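# Report on the structure
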Amino acid sequence: MKKMIFLVAAALIMASCTCNKDESVATPSNAEATMATIMNRKSVRSYTGEAVSDSTITLLLRAAMAAPSGRNIQPWHFVVLRDTSRYTAIFGEDNFNMPMFKASSAVVIFCADTTVTAPPRDNPQGEAVTRPNGLWRDDLGACTENFLLAVESMGLGAVWTALYPYPERFAPVKESLVLPDNVMPYCAVPIGVPTGDDQPKDKWKPERIHYNQW
Ligand SMILES: Cc1cc2nc3c(=O)[nH]c(=O)nc-3n(C[C@H](O)[C@H](O)[C@H](O)COP(=O)(O)O)c2cc1C
C-alpha cells in the first residue's frame, strides 16, 4: 500500500514538472484567468469616450484570427471603422445601434468570404474550383467570440451586433464598404473603454445538461 502511495505521488510530481517546463500547457493559474475572462465577458454598450489604439485593435484581431474554422479555411476579413461621419451611410439612417457605434472608439465589421477556392475534395491534386463554403457562419461566430474574449481580457468593452442575416442591416454595409459579391458582412462590433454600467449575467442552468440521453 505504502509503495502504491509513493508511486502515485511520484507520478503526480513528475506530471507537474512536465507542465511547468512547457508554458503552453494549461496550469491551474492560467485556467483560472481564462475562466475569469469567460465568466466576466458581457455585452458593453456604454463607453467613456477614451480611445482604443490601433495596436490594441491589431492585437484583438490576432485573437480573432486564431479561431478554429472548418477545414481551416479561415474565411474572415475585417474592416476597421473610425470615421463616425460615414456611419449613417454605412449602417443606414434608422439603425437603432447607431448611438452605440458613434460613442465607441472603433467599429470592426467582421466579414466572411462565403466561397472556398480549393481542389475538389475527392481529387486533392485536381485544379482549384470555387464553391460555397457551408461553414462560414460557424467560422465567423468562433472568430467573433475569440475577439470578444480578448476584449474582456484587456479591460475593454464591446458588443456583437448582428448584420447577417438581416438584409436591411447588411445591404447598406456591403454597398458602402464596396465589398466583393462573395463577401458578406456578418456582424459589427463597437469597441471602447467601458463605463462600468454593463455587468455579466449569470447564465448557469444545470438543468440544461443531459447525461447519456435527454
Ligand atoms: C448572434 C448575435 C447577435 C446579436 N445582435 C445584437 C444586436 O444587434 N444588438 C445588440 O445590442 N446586441 C446584440 N447581441 C448581443 C446580445 O444581446 C447579448 O449577447 C445577450 O443579450 C447576452 O448578454 P451578454 O452578451 O452580456 O452575455 C447579439 C449577440 C449575438 C450572439
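Residue positions are given per chain, counted from 1 along the sequence in the order it is written. Where local features are concerned, this predicted model is filtered to residues with pLDDT of at least 70; where side-chain atom pairs are given and counted, the filter is 80 or more; whole-chain, interface and lining totals use all residues.

## Some words on the site of the ligand
Heads up, the condition is: Here, nearness means that the C-beta atom of a residue, built from backbone geometry, sits within 6 Å of the molecule or strand in question. Note that Gly is not counted as nonpolar here; it falls among the polar residues with everything else outside the nonpolar set of Ala, Val, Leu, Ile, Met, Phe, Trp, Tyr, Cys and Pro and the charged set of Asp, Glu, Lys and Arg.
With respect to spatial proximity, the complete set of residues near the ligand consists of Lys42, Ser43, Asn97, Val159, Trp160, Thr161, Ala162 and Lys201. A per-class count over the shell around the ligand returns three nonpolar, three polar and two charged.

## A few points about the packing of helix H3 (residues 54-65) against helix H6 (residues 136-153)
We count it as follows: Think of each axis as a best-fit line through the C-alpha atoms, taken over the contacting stretch in the case of a helix, with angles from 0 to 180 degrees between the N-to-C directions. Note on conventions: DSSP H or I runs of at least 4 residues are helices, E runs of at least 2 residues are strands, and numbering of each starts at the N terminus. These descriptions rest on fixed angle ranges, namely under 35 degrees for roughly parallel, over 145 for roughly antiparallel, 65 to 115 for roughly perpendicular, and the rest for oblique. By definition, any crossing whose near helix is turned counterclockwise from its far helix by less than a right angle is left-handed, and any crossing with a clockwise turn is right-handed. Any two residues are considered in contact once their C-beta atoms, placed from the backbone, lie within 7 Å.
One can describe the packing of H3 onto H6 by two numbers: an axis separation of 7 Å at closest approach and a directional angle of 140°. It follows from the interaxial angle that H3 and H6 lie oblique. Pair H3 / H6 crosses with right-handed handedness. For the pair formed by H3 and H6, the contact residues are Leu60, Ala63 and Ala64 on the first element and Cys143, Asn146, Phe147, Ala150 and Val151 on the second.

## Re helix H7 (residues 167-176)
Rules: Exposure in this text rests on C-beta crowding, where 20 or more other C-beta atoms within 10 Å of a residue's own make it buried, 12 or fewer make it exposed, and counts in between make it partly exposed. The C-beta atoms are placed from the backbone. It is the directions from the helix axis to the C-beta atoms whose arc is reported.
Every buried residue of H7 is listed here: Arg169, Phe170, Val173 and Lys174. When H7 is viewed along its axis, its buried side chains cluster within an angular range of 115° and face the same direction. Away from its buried face by more than 90 degrees, H7 exposes Pro167, Glu168 and Glu175. Packed against the buried residues of H7 are helix H4 (87-91), strand E2 (106-113), strand E6 (161-162) and strand E7 (183-192). With its phi angle positive at about 55°, Val178 sits one or two positions after the end of H7.

## Thoughts on the packing of helix H2 (residues 28-40) against H6
Contact geometry of H2 with H6 gives a least axis separation of 9 Å together with a crossing angle of 105°. One element, H2, and the other, H6, form an angle in the roughly perpendicular class. In this structure, H2 contributes Thr37, Ile38 and Asn40 to the contact, and H6 contributes Leu149, Glu152 and Ser153.

## Thoughts on the nonpolar core
As a reminder of what qualifies: Joined through C-beta atoms within 7 Å, a set of buried Ala, Val, Leu, Ile, Met, Phe, Trp, Tyr and Cys residues constitutes a nonpolar core.
Formed by 37 residues in total, the largest nonpolar core has its most connected members in Phe110, Phe147, Val151, Ala158, Tyr186, Val189 and Ile191. Those elements that provide at least two residues to this core are H3, H4, helix H5 (98-103), E2, H6, H7 and E7. Apart from the residues within four sequence positions on either side, Ile191 is in contact with Val52, Ser104, Ser105, Ala106, Val108, Val151, Leu156 and Ala158.

## Some details on the confidence of the model for the chain
Selection criterion: Confidence of the prediction at every residue is given by pLDDT, a number between 0 and 100.
With 87% of its residues at a pLDDT of 70 or more, the chain has an overall mean of 90. Every residue in residues 5-22 scores below 50 in pLDDT, and together they form two contacts with partners more than four places removed in sequence or on other chains.

## Examining unusual backbone geometry
Tyr164 connects to Pro165 through a cis peptide bond whose omega is 10°. For Pro165, the position within the fold is in the loop between E6 and H7. The phi torsion at Asn72 lies on the positive side, around 55°, for a residue other than glycine. Within the element layout of this structure, Asn72 appears in the loop between H3 and strand E1 (76-81). The exposed category is assigned to Asn72, around which 7 C-beta atoms lie within 10 Å. For Val178, which is not a glycine, the phi torsion comes out positive at approximately 55°. Along the chain, Val178 falls in the loop between H7 and E7. A residue is classified by how many C-beta atoms lie within 10 Å of it, and Val178, with 7 of them, is exposed.

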